[in-house]
Every structure is written in structure tokens, then in C-alpha cells.
Amino acid sequence: MTEFALEAMGGLWSKRLDKRRAGTEDIHWDEIAREATPDLVVAAREVWTRSAFSEYASGAAFAQIATHMLAARAPIDLIAAAGDFVGDEMFHAELASRVAMSLGGALSLEVNFEKLVRPPEGEGALLRAAELVVRSCCVGESLTVPILKQSRRAAGSRTIEAVISRILRDEAQHSELGWWFLDWAALTDTDRAHLATVAGTTIRSFSVLFGRECAANEGLGTLPCASFDGTFLDAVSHDVVEPLAKRGIVVAEADIEDLRSAVATTAE
Ligand SMILES: [Fe+2]
Ligand SMILES: [Fe+2]
């Protein structure tokens, strides 16, 4: 394990990110500290440190997706989008770490940079690419959207709302890539059964997140456990389970049940 830290080279390499930075010039970073209520600052620093890391890990996922799509001879514009999303995620990591810095600095986080993405286990290049796409795009990115929207509603800080809005602008396309890939891929029934297990396991992993990353209070981007409503579970049904089922990938009810009870516990 290594302490999580980010480094940027600057110069012409930083300029390449400027296209993505457009619109963030209006964010007044020094306002965050003024808007922050002291009781929330430590929890928020932790949440934004974890977010910076999960954005970094999403970048690793898209790099793997691009690599596996290349091996699967996916349409070149889909591959290009997956590659481009690595850039989006590095920019999100930059935004999240700027929030953490503006709140007083990142908290120490030990991570394993060599295990950012669990290698896919399916047979053949196409199924391995589909496995990564289901995990990261169809489930992960689709469920990130309602979590971010909920955090934005409860942020209580204009600056943090602006940061979350900027991140949200990219996330819809990140999930969309998954559906387009599945519609293109010629999958067998055995492939679909494997992908249903993969999706179910990924959905279950979100219940762990509720147990670990839920804050007691809400605001500044922390997950508001107490006020967490049905939005998230609706998203599981409408944005993940239903579109997967439409494509013949049927997630087991037991996998969804686990998540339902985790959300119910946090809402109590
Ligand atoms: Fe992101
Ligand atoms: Fe993303």
C-alpha cells in the first residue's frame, strides 16, 4: 500500500487539460473555507480525498476498457471515447483534490496503485471488454450520478455545487458508453449469464460503500445518510437493472435485496 498523492507536470501538459477546465474559472476556491461549517470539515476532507482516488481509479478502469475494446475490435469511435474518458477522470481527480486542499488538505489514504482494476475473468476479448464495461459504465457510472446529485442538493456551498455540476456533466456519457457497447457486441446466452453475475456483484459492492462512507451529517459533498431517499434505489432499478434486462442480462433479485437493506439502514 502507498499513500495516495497526485502529481501534475504543468506546462504544455497542463494546457491539454484546459479544454476540460472551461467553465471552472468562475469557481472561487477560497470561498469553500468560508462556506464550510467547522463540524463538517474533517468528514468532507475525507470524502473529497476518497473521491479524488475513486476518480483516479475510474481513469484506470477506462484505460483498461480502451485496451480491452482494442483487443475486441470494437468500433473505433467507442474506443476513442473510452480513451478520452481517462482524461475526464484525471480532470475530476484534479477538481476533487482542489476541493480537499481548499478545505484544509487531503487526509492520509493508503491505496494499492497496482490493483486499481480487478482483471476481467471472462473467456475471450469481447466478453472481457463487456465485463469491464458492465462493471464501470452500466453499474458504476450510472449509480454515481444519483449519489452526486444527492450530494449536490445537500452541499450547502455554492462552490461545491459548481464542482459537482461540472463533474456530473461528464458522467452521463461515461455510463452511456456501456449501453452502446452492449448493443454492438454479439454476446451469447452464456456471456449474458456471466455478465448478470458481474453486474450483481458490482451492485452488492455499493452496500459496502453505504456502511463505510456515510457521514453523520450532510453537506460539503458528504453523503447524507439520514436524508437518503429512494432516489438511489430507483436509479438501481431504472438506470441499471431494467436496461440490463432489456439486453438479456438479468440480475438476481438477491443481489439487489442486499443493497435495498443497506439503504434502508442508512435512512433510519
Ligand atoms: Fe468521474
Ligand atoms: Fe466517470
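Just above sits the structure.
Residues numbered from 1 in each chain as written. Chains lettered and ligands numbered in written order. Predicted model: local features only at pLDDT ≥ 70, side-chain atom pairs only at ≥ 80, totals over all residues. Heavy atoms only, no water.

### Structural notes on the coordination of the iron ion (ligand 2)
All of the protein donors around the iron ion (ligand 2) are Glu89 (OE), Glu141 (OE), Glu141 (OE), Glu171 (OE) and His174 (ND1); their distances to the metal are 2.1 to 2.3 Å. For the iron ion (ligand 2), the donor residues sit on a single chain with the sequence spacing E-x51-E-x29-E-x2-H. The distance between the iron ion (ligand 2) and the iron ion (ligand 1) is 3.2 Å, with Glu89 acting as a donor to both metals. Taken together, the residues span a long stretch of sequence, with Glu89 in helix H5 (residues 76-102) and Glu171 in helix H7 (residues 158-184) at a distance of 82 residues. With respect to class, Glu89 is no different from Glu171; both count as buried. (Donors = N, O, S within 2.8 Å, 3.2 Å for Na, K, Ca; no water. Helix = DSSP H or I, 4+ residues; strand = E, 2+ residues; numbered from the N terminus. Buried < 20%, exposed > 50% of the residue type's maximum accessible area, 1.4 Å probe, protein only.)

### Comments concerning the coordination of the iron ion (ligand 1)
With distances of 2.0 to 2.4 Å, the protein atoms coordinating the iron ion (ligand 1) are Glu55 (OE), Glu89 (OE), His92 (ND1) and Glu171 (OE). Between the four donor atoms coordinating the iron ion (ligand 1), the angles at the centre fall across 82 to 143 degrees, so the site counts as irregular. Each donor residue of the iron ion (ligand 1) lies on the same chain, and together they follow the pattern E-x33-E-x2-H-x78-E. (Tetrahedral: all angles 85-135°; square planar, octahedral: opposite > 155°, others 65-115°.)

### Some details on the side chain of His174
Mapped onto the elements, His174 comes out in helix H7. For His174, a relative accessible area of 0% corresponds to the buried category. Of note is the side chain of His174, whose polar atom sits 3.0 Å from the side chain of Glu171. Apart from residues no more than four positions distant in its own chain, His174 is found in contact with Phe62, Phe85, Asp88, Glu89, His92, Cys137 and Glu141. (Polar contact = N/O pair within 3.5 Å; in protein donor to acceptor, adjacent residues only side chain to side chain. Contact = heavy atoms within 4.5 Å.)

### Re the packing of aromatic side chains
Per the stated rule, a full pass over the model turns up seven aromatic pairs. Taking the centre distance of 5.3 Å and the plane angle of 75 degrees together, the rings of Phe4 and Phe53 count as edge-to-face. One end of the pair, Phe4, is in the loop between strand E1 (2-3) and helix H1 (11-15); the other, Phe53, is in helix H4 (residues 38-71), and 49 residues separate them in sequence. Here the aromatic rings of Phe4 and Tyr56 are separated by 6.1 Å at their centres, their planes lie at 70 degrees, and the arrangement is edge-to-face. One end of the pair, Phe4, is in the loop between E1 and H1; the other, Tyr56, is in helix H4, and 52 residues separate them in sequence. Members of the aromatic cluster, joined through ring pairs, are Phe4, Phe53, Tyr56 and Phe113. (Phe/Tyr/Trp six-rings, centres within 6.5 Å; stacked < 30°, edge-to-face > 60°.)

### So, a nonpolar patch on the surface
Where nonpolar side chains cluster on the molecular surface, the patch consists of Met9, Leu12 and Trp13 and spans about 420 Å² of accessible area. Mapped onto the secondary structure, Leu12 falls in helix H1. Residue class for Leu12 comes out exposed when judged on its relative accessible area of 55%. (Patch = residues over 30% accessible without salt bridge, like charges linked within 9 Å, V, L, I, M, F, W, Y side chains within 5 Å. Areas by Shrake-Rupley, 256 points an atom, 1.4 Å probe, with all protein chains shown as cover. Salt bridge = Lys/Arg side-chain N within 4 Å of Asp/Glu carboxyl O.)

### As for the nonpolar core
Grouped together as the largest cluster of nonpolar side chains are 45 residues, with contacts concentrated most on Ile65, Met69, Leu177, Phe181, Leu182 and Leu244. If you list the elements that add at least two residues to this core, you get H4, H5, helix H6 (125-153), H7, helix H8 (189-213), helix H9 (231-246) and helix H10 (253-267). Residue contributions to this core peak at 11 residues, all from H6. Apart from residues lying up to four places away in sequence, Ile65 is in contact with Ala82, Leu132, Val133, Ser136, Cys137 and Leu177. Within the second largest apolar cluster, 28 residues are counted, among which are Ala36, Ala52, Leu109 and Leu220. (Core = buried A, V, L, I, M, F, W, Y, C linked by side-chain atoms within 4.5 Å.)

### Regarding the pattern of salt bridges
What the rule picks out here adds up to 11 salt bridges. Linking Glu94 and Arg21 is a salt bridge whose minimum nitrogen-to-oxygen distance equals 2.8 Å. Of this pair, Glu94 sits in helix H5 while Arg21 sits in helix H2 (residues 18-21), and the two are 73 residues apart along the sequence. Assessed through its relative accessible area of 21%, Glu94 is described here as partly exposed. What makes Arg21 buried here is its relative accessible area of 18%. One salt bridge connects Arg50 with Glu46, and the closest N-O pair in it is separated by 3.1 Å. Linking Arg50 with Glu46, this pair stays in helix H4, spanning four residues, or about one helical turn.

### Comments concerning H5
Under the 1.5 Å per step criterion, the end-to-end length of H5 is 40 Å for 27 residues, consistent within 8% with the ideal 39 Å. Backbone geometry just after H5 places Gly104 at a positive phi near 120 degrees. (Expected span 1.5 Å × (residues − 1).)

### Re H9
Between its first and last C-alpha, H9 extends 21 Å over 16 residues, near the 22 Å set by a 1.5 Å rise per residue. Those residues of H9 not exposed but buried are Phe232, Leu233, Ala235, Val236, Val240, Val241, Pro243 and Leu244. Directly after H9, the chain includes Gly248, whose backbone phi takes a positive value near 80 degrees.

### Overview of the packing of H4 against H6
The description of two packed helices rests on the angle between their axes and on the distance between the axes. Between H4 and H6, whose axes approach to 8 Å, the crossing angle comes to 150 degrees. Here H4 lies roughly antiparallel to H6, going by the angle between them. In terms of crossing hand, the pair formed by H4 and H6 is left-handed. Mapping the contact onto sequence places Ser58, Ala61, Phe62, Gln64, Ile65, His68, Met69 and Ala71 in H4 and Ala125, Arg128, Ala129, Leu132, Val133, Ser136, Cys137 and Glu141 in H6. Of the residues belonging to the contact of H4 with H6, the class tally is 10 nonpolar, four polar and two charged. (Axes fitted to C-alpha atoms, helices over the stretch in contact; angles between N-to-C directions. Parallel < 35°, antiparallel > 145°, perpendicular 65-115°, else oblique. Left-handed = near helix turned anticlockwise from the far one by under 90°. Nonpolar A, V, L, I, M, F, W, Y, C, P; charged D, E, K, R; others polar.)

Function-wise, these values are silent; they only describe arrangement.
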